[in-house]
Each structure stands twice: as structure tokens, then as C-alpha cells.
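Residue-level structure breakdown
So you can see what is in the structure, the chains are spelled out below.
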Amino acid sequence: MLFAQVRRWLAGFAAAAAATIAFAQAPVEVSFYYPVAVGGPITKIIDGFVADFEKENPAIKLKPVYTGSYQDSITKALTAVKSGEPPVTSILLSTDMYSLIDEDAIVPFDEFVKTPDDQAWLKSFYPAFMENSQTGGKTWGIPFQRSTIVLYYNKEAFKEAGLDPNKPPVNWKEMAEFGQKLTKRDASGKVTQWGVQIPSSGFPYWLFQGLAIENGVNLMNAAGTEVYYDKPEVIDALQYWVDLVKKYKVHPEGIVEWGTTPKDFFERKVAMMWTTTGNLTNVKANAKFDFGVAMLPASKQRGSPTGGGNFYIFKKSTPAQREAAVKFIKWVTTPARAAQWGIDTGYVAVRADAWDTPVMKQYVAGFPAAAVARDQLPYAKAELSTHDNQRVTKALNDGLQAALTGTKTPEAAMKDAQREAERILKASK
Amino acid sequence: MTRSKEWLYAWLLLLPAMTLLALFTHYPAVANLWHSFYSTPKGARPAVFIGLENYRTLFDDPIFWKALSNNLWYAAGTIPLSIVIALVMAVWVNDRIAGRGFLRLAYFTPTILPMIAVANIWLFFYTPEYGLLEQITNAFGLPRHNWLGSQSTALPALMVVTVWKEAGFFMIFYLAALQSMSPHLAEAAAIEGASRWYFFRRVTFPLLMPTTLFVLVNAVINAFRLVDHIVVMTRGGPDNATALLLYYIYEIGFRFWDSAYAAALTMVLLALLGLAALAQFAFLEKRTHYQ
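Because the structure is a prediction, the values reported are computed rather than measured.

Brief notes about the overall build of chain A
Counting its secondary structure elements, chain A contains 18 helices and 13 strands. Taken against the 2.2 N^0.38 rule, which gives 22 Å for 429 residues, the C-alpha radius of gyration of chain A at 24 Å falls within 12% of a compact globule. Its C-alpha atoms give chain A principal-axis dimensions of roughly 80 × 60 × 35 Å. For chain A, the residues scored as buried account for 50% of the 429 residues in total. Pairs at least 24 residues apart make up 74% of the contacts formed inside chain A by residues separated by at least 6 positions.

What follows is the structure, given as C-alpha cells:
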């Protein structure tokens, strides 16, 4: 009884003392925008991170602001930049890097990397994720919620089709062959289950990039000043996608909606689907059958683009705010937190040592599918990103959709897209 | 009161409305026109005067022309249809029939639902294989179709959503007009032995002209203003088959951050709507009989 009272009194004293100290120092306020792009209690996790960080660093006050989708977030961040009151830090798409540089909105991280410890931290991230975070010899973004594309397949459907459920297709030829076995038609010839689905609404460029990389080329240079939409390998890759529809007849016609593709998979309307690793938790919760996760099949090589969001630091902030923001970013990307974030969300833990933590090891042992994205990372390449990124990307999206809906041949579609992209890139110089 | 005092009094009464109009309508329109003659400022590079350059770009921009023609088709497809359906529904639920209140509510429901939510529901109606529409066509043994995923049907599919959403809203105006109509007219016509169709054509419809004009103006504005469902359902795809003017302006302004070019596009939209309003008032006003 007495002890309890004393303890309460002491706690009150400590809190008052902490408050006085904090008041004396006037905490550094760090505003921080973040999007939510996958299912799960993301806001709760972020709030938890913020509370823990503030407990350890009472001199810093974080102000997290949920800003909607990635698209909404970049819109809000750039509007805030134009109105003169940007956030101090923000999680935005890694591909927004050139746009943010062109708007003169962000500062590179290099000035904060001073000690050998800092350098080790910067080197700890997977190189595939750093490709979209560095340009011109500087680091502009720190990987946080990153993803790649993987192939999900229905093991039961594989068994029914006489395929080995533990052998997903390893190359394009197999994907088409397996697809033919997996495509089921009723008596009137109508398809009741498709072999494979690669979504093509909204951002078909991302999934197409997987095909292009597998066929040996990426779509742009590292400086973000050139694109290669009309290289023969790229046209071939699109031809393969169109062939899945027209020649092998294992893929639905027209545009396949990104948002309904997981549902198609759950409803057994499709036996194999390409989608983000970020959907892993969703598929695990909703697939009523045994499913497998595999690396994307190879043509000349394995491959997938990376995706997802990085931390950026905005230019219009005080040195103290920047230091505080970097401190938080370092804190939230430690191996243990990167691992926990990956487990809670389905994103790929961004550094190799996160996979060596006990929590992650235990998680992977119970759910091996979680490690597929990691194993694919050595083959992963940077996501399409250039100066005037959204326009250059739209040129490709339009071309892809034209070819998939049959209004242009793959060759004509890619030649047109290349011409349009070159025109935009020339104008943006 | 002296004349000058009266004058002052009138202006003071007008002032609140005028301030709001000037602040939120006239000033933005003029500022927008001004911006459309400049280049887009980017980072450290300020905006420079480039005259009609943005309009020249617009003239050479195939997606602009595509969006414009899409929008005209969209207007042609949605405006007459939603007005006719609204009128038919209004005449029907104006009669004394069983379940009249329920029917009125059912017709009006689409209007009060938020467009984004509605678009998400329609997205699943149109889903290939197991969507509602597919299940119905399947039951009749019709072939499968990817409604939103093919260039020829994506825009009509969106028009259906718009008509569904708008008809109920317009119905309310027609219903109100019908209820304010004197029952003596119908009685007189009945005594004269006029058929129902004749009565509708020669009496009801002409008396509804002021409402039709109002509804028409609203329908035209909405045909250029409503793009929420495009954001959810197609994002302008496939290959710009469903890009409407306002959606394209949003894309240019807030995805590509080319605010100057977006300003030029906005001027085109503004001019278009201005012309439509002028034409409606000039031609239809004369034929409209106000009671």
C-alpha cells in the first residue's frame, strides 16, 4: 500500500521532471506524411513506432499525418511544397525521386552520413532497392516499404490439372504450357478457369517491366534521361503477353483489373496471378485453398522490378529538424524493426540482416512463402522512373493497353510510346 | 429615402453575394486565363510568359482531342437518356399506384449515394467471369465480355453508371413540377375526350419546359463535371478510351504538375460550358412557357 503510493509519487515526479526538461529544450517538431497502400492496420503500427521513438527521444516531437494513397500523398506533399510549408519527411514512391529533385523539393541524405556507422547503415540495404534511391552519386531516398512482383498459384488447381503442386513454372514456355493445362472450359467452350492473369489496369508498366527484365533489358537508364520502349527485347516481351491471350488462350482478353485480380484468384477464376508481395498477407487470409508463391518465370533470366515507398527529407526545414528526421529514419530501419514491419505488412524487409533476426527466422520457418520475394531480390531491377516520370510512364501505359486491347500491334504500340516518351523527355531538359 | 440612398442600399444588399462570386468564381477564372499564358514554374525555374504556346501544345495533343471527342459522345449518350428516363419515372410515380412512396425512394437512392462508393460497386458489376452482369448474360448463354477492359465498351459502360446516377435526381424536379400542375387541366382534357398521350404531348410536356430547361442545363454541366467514377473504374484507360476532359485536366495538373497546361485546358472547358449555356438560353428560352 505504502509502496504503491511511493511508486506513484515517484512516477509523478519523474514525469514532471521529464516535462520540465522537455519544456526547457523546446522539442524539435518533425511533421511526417505517410500513405497506406496495402491492407492491414498500418496507421496503428506507425503510431506505435512514433510513440516508442518519442519515449526514447523526448527532445523530438513527431507529427505523423496519414495522407491517403501514394498518388494522394505525392499530390499533397507537392502542394505543400508549393504553398511553402512542406513536411520535414515523407514516405513517397521511390519512383517520385526525379520529380522531387526537379521540383527542388528534397535534400540528399549524404550530408547526414558522417560516421562509419552511418556508412554501414546506408550500405545495409539491398542494392536492388537502392537503384531507385540514388542518382548522380547521391542518395535521395531511404528504402522503407518496398515490394516486388511474385507469382501466386493455386496448388489444388495444379493437382487437378495433373501438375506437380511444388513445381511452379520456371520459364515463359512453362508458364504458357502450364497455363494451357490449367485453363478449363465448359461444354460450350466458355472458360471457367483461366491459366494466368497479369493485371493491366492503372499501372500496367510495372508488371510489364517484369517481362522486359526477364527478357534481358530494363526500360530506362540510371540517369532517368532515356527510355528503351522500342528495343526488340521489349517488343518481344509485349508479344509474349499478347500471345498468352491470343495464341495460347490462357489469359483473359482485354484489360485485367489490378484491384479484382486477388479476388479472381480466391474465386478460382484464375490459377496463377502476378501481383505484389504486398498482397501476401491478404492472400494468406483469404485463399480457401493451398497456395504457393514463386519467383516470376524467366525468359533469358529471372527478374522483377522493385516497387513501393522510400523516406525523403524535404528541403524547407531547419537543420535541427532534418537531423531529428534522419534520427527517426535510422531508428525505424534497424534490423529488428525492418523485420517486424515486413511481418506485419507483407512488405519485403529492406536489409539482409533483418532476415537474420530471430523473429524473422521463426516467421519464415512457419511460412516459407514470405522468403520468396527476398530470394528474388538478386534478380530485381529498379522500377521505371525518369524525369517527368508520370508522363513518360503514361506513354508506356497507353501503348501497353493499346496492344492488349488489340488496337495496335506490339511493335507499333511500343514505337509510338517511345516516340511520345522521347518528346516528353526532350521537353523536360 | 432619396434616390442616392436607395442606390447605396441596393448595392449593399448585393455586396455579400457579389463578394463571394468575385472571390470564388470570377477571380479564379481570370487568374486561370492569366496563368495559361505562362510556362509552368518548376523548382528554381520561375514561370515565364510564353503567350499562346500552351494552346499550341493543346492543338497538337492527340489525348486532348481524344478526351474532347470522348466527352462529346459521353454528353450525347447520357444527357437525353437520363432526361427521358427521369421524365418517364416522374410521370409514373406521380400516378396513384401501390407502393408509390417506395418507388420514389428507390429511384432517388442512387442520387444520395456517394459516387466513389457507387463506382466501387459498379466495378464489381462489370467484373468479367463472376460479376453481376456476367452472371446474367451467362444465364442466357451469351458470350463473355470484359466491359471495362475493352476499348469499345468501356465508355458506354461508364455512361450507364452516369444515367443510373442522374435520372433519379432529375426525376425529383419533374415530380415537383408535375405536382404543382393544376388537376383542372387533366379534368378539362378528359371531358374533351383527349387521350392520355395527346394530353401529355400537348399539355403536360409544354408546361414542363421550364423544368426541362433547368434539368438540361444541369445535365450538360454534369456531363463535363462528373469524373469520380472514372478515377475508380478505369483511370481513363484502356489507352485513353474513357479519358474525359476534366479527368485529363486533373491528370495534367496534379499528376504531371504541368499547371500552366492544365490552365489552358481549363479555359477550353470553360469556353465550352459557356457556349453550351448561351445556346441553351438563346434557343430554348424562346420556346419555354413560364406560367
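Quick look at the overall build of chain B
Across its full length, chain B holds 13 helices and zero strands. Each helix (α) and strand (β) of chain B, taken in turn from the N terminus, gives the series α-α-α-α-α-α-α-α-α-α-α-α-α. Relative to the compact-globule value of 19 Å for 291 residues, chain B shows a C-alpha radius of gyration of 24 Å, a clear excess of over 25%. Referenced to the eigenvectors of the C-alpha coordinate spread, the extents of chain B come out at roughly 80 × 80 × 30 Å. Every one of the 291 residues in chain B was classed for burial, and the buried ones make up 30%.

Examining helix α10 (residues 232-246) of chain A
Counted at 1.5 Å a residue, the expected span for α10(A) with its 15 residues is 21 Å, and the 20 Å between its end C-alpha atoms agrees. Buried residues of α10(A): Val234(A), Ile235(A), Ala237(A), Leu238(A), Gln239(A), Tyr240(A), Trp241(A) and Leu244(A), and no others.

What to know about the interface of chain A and chain B
Note on interface size: it is often stated as the accessible area lost on association of the parts. Of the residues lining the interface, 24 residues belong to chain A; the matching set on chain B comes to 22 residues. Broken down by element, the residue count for the side of chain A that touches chain B peaks at five residues, all from helix α17 (residues 389-404) of chain A. Broken down by class, the residue content of the side of chain A that touches chain B amounts to five nonpolar, nine polar and ten charged.

Some words on the confidence of the model for chain A
Taken residue by residue, chain A gives an average pLDDT of 89. The fraction at 70 or more is 93%. A low-confidence stretch, residues 17-24 of chain A (pLDDT under 50), is modelled with four contacts involving residues beyond four sequence positions or located in other chains.

Here's the deal with the packing of helix α14 (residues 335-345) of chain A against helix α15 (residues 358-366) of chain A
All names here are of chain A. Running from N to C, α14 and α15 point in directions that differ by 30°, and their axes come no closer than 8 Å. On the basis of the axis angle, α14 is roughly parallel to α15. For the pair α14 and α15, the contacting residues are Ala-339, Gln-340 and Ile-343 in the first and Val-359, Met-360 and Tyr-363 in the second. Within the contact of α14 with α15, the residues separate by chemical class into five nonpolar, one polar and no charged.

A few points about the nonpolar core
Most often, soluble globular proteins have nonpolar side chains that are buried together. In this structure, Ala86(B) and Tyr248(B) are the most contacted members of the largest nonpolar core, which totals 168 residues. Here this core takes 13 residues from helix α7 (residues 154-179) of chain B, the largest share from any one element. Residues from two domains meet in this core; each of domain 1 (22-147 + 307-378) and domain 2 (148-305 + 382-428) of chain A gives at least three. Here Tyr248(B) is in contact with Ile63(B), Phe64(B), Ala67(B), Ala243(B) and Leu265(B), once residues within four sequence places are set aside.

Describing the domain arrangement of chain A
All names here are of chain A. Per the domain assignment, the segments of chain A are domain 1 (22-147 + 307-378) and domain 2 (148-305 + 382-428). A C-alpha centroid distance of 29 Å is found between domain 1 and domain 2. Contacts between domain 1 and domain 2 engage 27 residues on the former and 26 residues on the latter. In terms of residue class, the side of domain 1 that touches domain 2 is built from eleven nonpolar, twelve polar and four charged.

Brief notes about unusual backbone geometry
One non-glycine residue, Arg268(A), lies in positive phi territory at about 60°. Tracing the backbone shows Arg268(A) in the loop between α11 (261-266) and β10 (270-276). Note on Arg268(A): 18 C-beta atoms within 10 Å, which makes it partly exposed. With phi around 60°, Trp257(B) is a residue other than glycine that occupies positive phi space.

Quick notes on the environment of Gln145(A)
When you line up the elements, Gln145(A) lands in strand β7 (residues 142-154). Judged by the 26 C-beta atoms lying within 10 Å of it, Gln145(A) is buried.

Some thoughts on the packing of helix α3 (residues 62-94) of chain B against α7(B)
Residues and elements named next belong to chain B. Here α3 crosses α7 at 40°, and the two axes come no closer than 6 Å. In terms of their interaxial angle, α3 and α7 are classed as oblique. Between α3 and α7 lies a crossing of right-handed hand. Here the contact of α3 with α7 is built from residues that sort into 21 nonpolar, seven polar and one charged.

Brief notes about the environment of Lys63(A)
Residue and element names in this part refer to chain A. Within the element layout of this structure, Lys-63 appears in strand β2 (residues 60-66). What makes Lys-63 exposed here is the crowd of 12 C-beta atoms within 10 Å. When the C-alpha positions of Lys-63 and Gln-193 are compared, they lie 48 Å apart, and in sequence the two are 130 residues distant. When sequence neighbours within four positions are dropped, the list of residues in contact with Lys-63 reads Glu-29, Val-30, Ser-31 and Phe-32.

Some words on the pairing of β10(A)
On a regular strand, one side chain projects to one face of the sheet and the next to the other, so that they alternate. Residues and elements named next belong to chain A. With seven of seven residues buried, β10 is to be regarded as a mostly interior element. The pairing of β7 with β10 spans five bridges and is classified as antiparallel. In the sheet register, Ile-149 faces β10, and the bridge partner there is Thr-276.

Concerning the confidence of the model for chain B
Residues and elements named next belong to chain B. With 97% of its residues at a pLDDT of 70 or more, chain B has an overall mean of 87. Within chain B, α3 carries the highest mean pLDDT (92), whereas helix α6 (residues 132-139) carries the lowest (83). Here the predicted complex carries an ipTM of 0.74, next to a pTM of 0.81.

Describing the environment of Glu131(A)
Residues and elements named next belong to chain A. Here Glu-131 lies in the loop between α6 (127-130) and β5 (134-135). For Glu-131, a count of 19 C-beta atoms within 10 Å corresponds to the partly exposed category. Separated by 61 residues in the primary sequence, Glu-131 and Tyr-70 have C-alpha atoms spaced 19 Å apart. Residues in contact with Glu-131, not counting those within four places in the same chain, are Lys-381 and Ala-382.

Rules behind the numbers
Residues numbered from 1 in each chain as written. Chains lettered and ligands numbered in written order. Predicted model: local features only at pLDDT ≥ 70, side-chain atom pairs only at ≥ 80, totals over all residues. Helix = DSSP H or I, 4+ residues; strand = E, 2+ residues; numbered from the N terminus. Rg over C-alpha atoms; globule rule 2.2 N^0.38 Å. Buried ≥ 20, exposed ≤ 12 C-beta atoms within 10 Å, placed from the backbone. Contact = placed C-beta atoms within 7 Å. Expected span 1.5 Å × (residues − 1). Nonpolar A, V, L, I, M, F, W, Y, C, P; charged D, E, K, R; others polar. pLDDT = per-residue confidence, 0-100. Axes fitted to C-alpha atoms, helices over the stretch in contact; angles between N-to-C directions. Parallel < 35°, antiparallel > 145°, perpendicular 65-115°, else oblique. Core = buried A, V, L, I, M, F, W, Y, C linked by C-beta atoms within 7 Å. Domains from an automatic or database assignment. Left-handed = near helix turned anticlockwise from the far one by under 90°. Pairing = 2+ DSSP bridges.

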